[in-house]
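Residues per chain, in single letters:
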Amino acid sequence: NNLTIHLWVRRDGWRENWQGFLSKRGEGGQGWQLRRSNNTNNPSFTLRGTTADDESRISNYTIANNTWIHFVAAYGDGLRRVYADGVEIQNIGDGQPILPTDYTVRIGARDGGSGRHRGDIDEVRIENIARSAEWAKASYPPFLEAPVPLEHPFSFHTDCGVVLSSERWRPA
């Protein structure tokens, strides 16, 4: 059971505790989340069902306000690793599968729409492979300017963020 998630995050203050950037449940003993750790300025990569279940707060890294951050979080081969702008900020031993869930993936919120993100999220990717440390570091391009979010055929819903489903988007 392997996982790698990638995304750019820019926060504009904080709206709620446990503010979610990207999640697939991550509560009730199922799924995973990359989010703000409670009411701190630290990120948290939470995996449910693994041996290091709630050892997720990354206290050695502060999420700056109004600054784009490139996150890569990987799980597999007995490790949980997180990178911010190509620098490893978490590397802990972890095993056992992430407990499955039928919940949809959410961008900008936790399950049920709580923990809504205040800011921007861009270039989200989810993979069922545990990318290596070398790959995670190399995936951070040294941009001269921060990414500019593209226009989307949808917008963040103020109550629940963006919800992904298996349905394809069809223009009206």
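These figures come from a predicted structure and were not determined experimentally.

Draft legend 1. View of the nonpolar core. Counting residues in each nonpolar core, the largest one holds 25 residues, and the members touching the most others are Leu3, Ile5, Leu7, Phe21, Phe45, Tyr61 and Phe71. Among the elements of the structure, β1 (3-11), β2 (20-27), β3 (30-36), β4 (43-47), β5 (69-76), β6 (79-84) and β8 (105-107) are those that each provide at least two residues to this core. Once you skip the residues sitting within four places of it in the chain, isoleucine 5 turns out to touch Leu22, Trp32, Leu34, Phe45, Phe71, Val72, Ala73, Arg125 and Ile126.

Draft legend 2. Molecular detail of the sheet that holds β1. The strand order across the open sheet formed by five strands is β7-β6-β5-β1-β9, and the pairing between neighbours is antiparallel. The open sheet is flanked by β7 (87-93) and β9 (119-127), the only strands paired with a single partner. Within this sheet the neighbouring strands show an average axis-to-axis angle of 15 degrees, counted without direction. Of the pairings in the sheet, the one linking β1 to β9 comprises seven bridges and is antiparallel in character. Counterpart to tryptophan 8 in the pairing with β9 is aspartate 122.

Draft legend 3. Just the side chain of aspartate 94, in detail. Among the structural elements, aspartate 94 can be located in the loop between β7 and β8. Side chain to side chain, aspartate 94 and threonine 50 meet in a polar contact 3.0 Å long. Once you skip the residues sitting within four places of it in the chain, aspartate 94 turns out to touch Leu47, Thr50, Thr51, Ala52, Tyr75, Gly78, Leu79 and Arg80.

Draft legend 4. Examining the environment of alanine 130 more closely. Along the polypeptide, alanine 130 turns up in the loop between β9 and α1 (133-138). Using a relative accessible area of 16% as the deciding quantity, one classes alanine 130 as buried. For alanine 130 and threonine 4, which are 126 residues apart along the polypeptide, the C-alpha to C-alpha distance reads 5.4 Å. Here alanine 130 is in contact with Asn2, Leu3, Thr4, Tyr75, Gly76, Asp77 and Arg81, once residues within four sequence places are set aside.

Draft legend 5. Region of the structure containing the pattern of salt bridges. Under the counting rule described, the total for this entry stands at eight salt bridges. Close ionic contact of glutamate 127 with arginine 131 constitutes a salt bridge, the shortest N to O distance being 2.7 Å. The exposure class assigned to glutamate 127 is buried, which follows from its relative accessible area of 16%. Connected through salt bridges with shared partners, the residues Glu27, Arg35, Arg48 and Arg110 form a single ionic network.

Quick notes on the rules
Residues numbered from 1 in each chain as written. Predicted model: local features only at pLDDT ≥ 70, side-chain atom pairs only at ≥ 80, totals over all residues. Heavy atoms only, no water. Core = buried A, V, L, I, M, F, W, Y, C linked by side-chain atoms within 4.5 Å. Buried < 20%, exposed > 50% of the residue type's maximum accessible area, 1.4 Å probe, protein only. Helix = DSSP H or I, 4+ residues; strand = E, 2+ residues; numbered from the N terminus. Contact = heavy atoms within 4.5 Å. Pairing = 2+ DSSP bridges. Axes fitted to C-alpha atoms, helices over the stretch in contact; angles between N-to-C directions. Polar contact = N/O pair within 3.5 Å; in protein donor to acceptor, adjacent residues only side chain to side chain. Salt bridge = Lys/Arg side-chain N within 4 Å of Asp/Glu carboxyl O.

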